[in-house]
Amino acid sequence: MEFRKEREHVILEREKPIIHTYNHYAHILSIIQKKPESYQWIFSNFILLFACKNLKKNFWGDFYFPYPYEIKPSDICNWIETSRVRRSYFEGDKDKLIDFLYSELSGENYLYLHLNHESFISLGSKKEKKCHDALIYGIDINAEKLYLADVFYHGRYENAIISFSEFWDAFNSCNLREDWKFLNDMIYSFKLKESCSYEFNLKNIENSIKTYFLSEPPEYWRLYNQGNREEMIFGIRYYLALIDLTNEMKYEKFKIHIQDYYLLMEHKKIMKLRFMYLCDNKYYDHAKLKEIIQAYAKLEKQAIRIVNMILKFEITDRKNILDKVILYLYEMYHFEYESLESYFNIANIEY
């Protein structure tokens, strides 16, 4: 094993991601948030939402990035350099893989790959197969440990330390269904750039917010995927998909995908933070946008309440909880619609 003796213990810095419903952007945010300049890119994105109309049939809903299935946030993030290598290159050779991880981390590259959580015995594995996309951000050669971030058994995004043997088992036993291979059997390396050529423009944010408000299909569905578009819902109408899903839960018991509700919560959170950022950096007058910031703080608080109510329903199976959730979702829908109308009037944006 060709380890470099000068740095046998490498841990790369990360921040707590401001949103983390899904790992494919939580990992990226945890890396780039170290640079204050990156917030221009962050707040220019994470505005548009898309989801399947029937979330019971297909639970997928997310923030929109161009070409959402073929291209990942890391591929379009101006602050990240991405390279990749096939997992098969390390087949049957643990030392070769560990040496690769050490070399990449020593070069300040984070590693992004699928691992099977069933192998994480030291973390209290539930002994059920769960292949998930983890970020490796550190290594200790002498202790034979790896540092990684993922959503583990508490259902939240967090850090953990695993042994080399657990990692090797998790790497080898991760056999995904074809439709879940969104990393294409690759190991991705992410490197934070010192600077980037991203050009911030307030109009991009305003146009995206207007597209969200109007529930317009983004260019991917409008130009390249008309058939799938008919099964999707966009923008502020995401509330309606959640209302339908919650109503279905009253009549049929099925596995709840809590991330659908977390997404709503985190969208309101980042909308609030976006308006605060724009005011703090003098793009808008804080006094004029104060009511909009307060509106999104209120929406975020109500969305957190809804998440907790859904979790409570999972435990108690009390249907009256769902009636209240549906009522709150309708109220939020109308309140946000009216709040955005106020924002457009304040910012002189035609809609």
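The structure reproduced in this document is the subject of the present report. (Residues numbered from 1 in each chain as written. Predicted model: local features only at pLDDT ≥ 70, side-chain atom pairs only at ≥ 80, totals over all residues. Heavy atoms only, no water.)

1. Remarks on the overall build of the protein
Now for step 1: Across its full length, the protein holds 12 helices and 10 strands.
Now for step 2: Expressed as lengths along the three principal axes of its C-alpha atoms, the size of the protein is roughly 65 × 50 × 35 Å.
Now for step 3: A total of 351 residues make up the protein; the buried ones form 53% of that total.
Now for step 4: A sequence separation of at least 24 residues applies to 70% of the contacts in the protein between residues at least 6 apart. (Helix = DSSP H or I, 4+ residues; strand = E, 2+ residues; numbered from the N terminus. Buried < 20%, exposed > 50% of the residue type's maximum accessible area, 1.4 Å probe, protein only. Contact = heavy atoms within 4.5 Å.)

2. Looking at helix α1 (residues 23-32)
Now for step 1: The buried count for α1 comes to 10 of 10 residues, which makes it a mostly enclosed element.
Now for step 2: Every buried residue of α1 is accounted for by Asn 23, His 24, Tyr 25, Ala 26, His 27, Ile 28, Leu 29, Ser 30, Ile 31 and Ile 32.

3. Side note on the sheet that holds strand β2 (residues 49-52)
Now for step 1: With antiparallel pairing, 3 strands are arranged side by side in an open sheet as β3-β2-β10. A single partner strand is all that each edge strand has here, and the edge strands are β3 (61-63) and β10 (232-234). Put simply, the sheet's adjacent strands are angled 20 degrees from each other on average, direction ignored.
Now for step 2: The pairing of β2 with β10 spans 3 bridges and is classified as antiparallel. Paired with Cys 52 across the strands is Met 232, a residue of β10. (Pairing = 2+ DSSP bridges. Axes fitted to C-alpha atoms, helices over the stretch in contact; angles between N-to-C directions.)

4. Describing the nonpolar core
Now for step 1: Of all hydrophobic cores here, the largest spans 126 residues; its most connected members are Ile 32, Ile 42, Phe 46, Phe 167, Tyr 261 and Tyr 343.
Now for step 2: Each residue touching Ile 42, except ones within four places of it in the same chain, is listed here: Ile 18, Leu 29, Ile 32, Gln 33, Ile 270 and Arg 274. (Core = buried A, V, L, I, M, F, W, Y, C linked by side-chain atoms within 4.5 Å.)

5. Regarding the side chain of Ser 74
Now for step 1: As for its position among the elements, Ser 74 is in helix α3 (residues 73-76).
Now for step 2: Not counting chain neighbours up to four residues away, the residues in contact with Ser 74 comprise Ile 28, Ile 80, Thr 82 and Phe 190.

6. Points about the environment of Tyr 333
Now for step 1: Take Tyr 333: it is sitting in helix α12 (residues 319-346).
Now for step 2: Along the backbone, Tyr 333 and Arg 14 are 319 residues apart, and their C-alpha atoms lie at a distance of 35 Å.
Now for step 3: If near-sequence neighbours (up to four positions away) are discounted, Tyr 333 is found in contact with Ile 236, Arg 237, Tyr 239 and Leu 240.

7. Remarks on helix α6 (residues 202-214)
Now for step 1: The end-to-end C-alpha distance of α6 is 19 Å, a good match for the 18 Å that 13 residues give at a rise of 1.5 Å each.
Now for step 2: What α6 keeps buried is the set Leu 202, Ile 205, Glu 206, Ser 208, Ile 209, Thr 211, Tyr 212 and Phe 213.
Now for step 3: Packing partners of the buried residues in α6 comprise α2 (39-44), β2, α9 (238-249), α10 (259-280) and α12.
Now for step 4: At the N-terminal boundary of α6, the capping side chain belongs to Asn 201, with an oxygen 2.9 Å from the backbone nitrogen of Lys 203. (Expected span 1.5 Å × (residues − 1). Polar contact = N/O pair within 3.5 Å; in protein donor to acceptor, adjacent residues only side chain to side chain.)

8. A look at unusual backbone geometry
Now for step 1: If you check the backbone angles, Glu 108 has positive phi at about 65 degrees while not being a glycine.
Now for step 2: Here Glu 108 is to be found in the loop between α4 (94-106) and β5 (109-116).
Now for step 3: On the basis of relative accessibility, which here comes to 48%, the residue Glu 108 falls in the partly exposed class.
Now for step 4: Of note in this structure, Asp 185 is not a glycine but carries a positive phi near 55 degrees.

9. Regarding the packing of aromatic side chains
Now for step 1: What the rule picks out here adds up to 33 aromatic pairs.
Now for step 2: Here the aromatic rings of Tyr 39 and Phe 43 are separated by 5.8 Å at their centres, their planes lie at 35 degrees, and the arrangement is tilted. A residue pair is termed a helical-turn pair when its members lie 3 or 4 positions apart in one helix, as Tyr 39 and Phe 43 do in helix α2 at 4 residues. Here the two residues Tyr 39 and Phe 43 agree in accessibility, since each one is buried.
Now for step 3: Ring centres of Phe 46 and Phe 63 lie 5.4 Å apart, and the angle between their planes is 80 degrees; this geometry places the pair in the edge-to-face category. (Phe/Tyr/Trp six-rings, centres within 6.5 Å; stacked < 30°, edge-to-face > 60°.)

Shape descriptors only; they carry no functional weight alone.
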